[in-house]
Amino acid sequence: MGEGGLPCSRNCTDVHTQGARERQTVTEGSKASTQKRDKIKDSKIIFVVGGPGSGKGTQCEKIVAKYGYTHLSSGDLLRAEVASGSDRGKQLQAIMEKGELVPLDTVLDMIKDAMIAKADVSKGFLIDGYPREVKQGEEFEKKIGKPCLLLYVDAKAETMVKRLLKRGETSGRSDDNEETIKKRLDLYYKATEPVIAFYESRGIVRKVDSELPVDDVFAQVSKAIDAL
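Criteria and cut-off values
- Residues numbered from 1 in each chain as written.
- Predicted model: local features only at pLDDT ≥ 70, side-chain atom pairs only at ≥ 80, totals over all residues.
- Heavy atoms only, no water.
- UniProt positions renumbered as here; feature names shortened; annotations may be inferred.
- 1 Å grid on protein atoms, 1.4 Å probe; cavity = no way out; pocket = protein on both sides within 12 Å on 5 of 7 lines; lining within 4 Å.
- Points joined across faces, edges and corners; volume = space filled by probe spheres on them.
- Helix = DSSP H or I, 4+ residues; strand = E, 2+ residues; numbered from the N terminus.
- Contact = heavy atoms within 4.5 Å.
- Buried < 20%, exposed > 50% of the residue type's maximum accessible area, 1.4 Å probe, protein only.

The protein is annotated in an unreviewed UniProt entry as Adenylate kinase isoenzyme 1 of Cyprinodon variegatus. Under the Subunit (unreviewed entry) heading, UniProt states for the protein: "Monomer." UniProt's Sequence similarities (unreviewed entry) comment on the protein is quoted here verbatim: "Belongs to the adenylate kinase family. AK1 subfamily."

And the structure:
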């Protein structure tokens, strides 16, 4: 029946049917989203830690190729969001231009969105460059899920300096000079040592020696992942 008890026209019936379909679509979409959130919570999550020039980027590429994991770098996600020109990207750009830190919740939301987008096709996730402090790791676990491994790609400070100076010969990056590199390494050690200690207490840290040739390093990495 329509308004005032009058019989519904065909158009009215069509509207009711369309409304029901839209509600069903929303419900199905919400259900699918919940399933994906549950899926990433139960998926294999590996935190990858290593200083600039440690070779962790190369090892991540090899893990992706062999194991089908998705490699997510918090820095790359931020840069991509800014480049997209989205509302969130504009807000992030304004924050970074002021030299301020991007809010932790924003970074976590971006990582979570990226993980959900790959939930159906990924065998696991490599979270690169995150967490940078213990609090970030704790918030990650509350919002997303627990890591099953912290992969620590370790090289001596002098080795990382040499590698970055070598890269600087061709990279054109202004921060690939010795003074800046040493500052970056100092910041890295101060930030990372408490994080590594925190996850060592849980027994999930696997340290690999990246002073070795690339394939030998990956043999250590593979052993750690195969044991999961």
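Peer 1: What is the right way to look at the layout of surface pockets in this model?
Peer 2: Where empty space is left can be seen by rolling a probe of water-molecule size over the atoms. Space inside the largest pocket adds up to approximately 1700 Å³. Taken together, 44 residues make up the lining of the largest pocket; nearest its centre are Lys56, Ser74, Gly75, Gly129 and Arg132. Secondary structure elements with two or more residues in the lining of the largest pocket: strand E1 (45-49), helix H2 (56-67), strand E2 (70-73), helix H3 (74-84), helix H5 (104-117), helix H6 (134-143), helix H7 (157-171) and helix H8 (178-200). A per-element tally of the lining of the largest pocket places H3 first, with 6 residues.

Peer 1: Looking at this structure, how should I read the UniProt feature "binding site: ATP" (unreviewed entry) in the protein?
Peer 2: UniProt's entry tags Gly53, Ser54, Gly55, Lys56, Gly57, Thr58, Arg167 and Leu212 with the feature "binding site: ATP" (unreviewed entry), counted in the numbering of this structure. From this annotated list, the subset lining the largest pocket comprises Gly53, Ser54, Gly55, Lys56, Gly57, Thr58 and Arg167. Discounting chain neighbours no more than four positions away, the residues touching lysine 56 are Val48, Val49, Gly50, Asp128, Gly129 and Val153. As for its position among the elements, threonine 58 is in helix H2. On the basis of relative accessible area, threonine 58 is assigned to the partly exposed category, the value being 36%.

Peer 1: I tried to follow the UniProt feature "binding site: AMP" (unreviewed entry) in the protein on my own but got confused; where do I start?
Peer 2: With numbering aligned to this structure, UniProt lists the feature "binding site: AMP" (unreviewed entry) at Ser74, Arg79, Glu100, Leu101, Val102, Gly129, Tyr130, Pro131, Arg132, Gln136, Arg173 and Arg184. Lining residues of the largest pocket drawn from the annotated list: Ser74, Arg79, Glu100, Leu101, Val102, Gly129, Tyr130, Pro131, Arg132, Gln136, Arg173 and Arg184. Counting through the fold element by element, serine 74 comes out in helix H3. Judged by relative accessible area, serine 74 falls into the buried class, the value being 9%. In this view, serine 74 contacts Val107, Ile111, Asp128, Gly129 and Tyr130; residues no more than four positions away in its chain are not counted.

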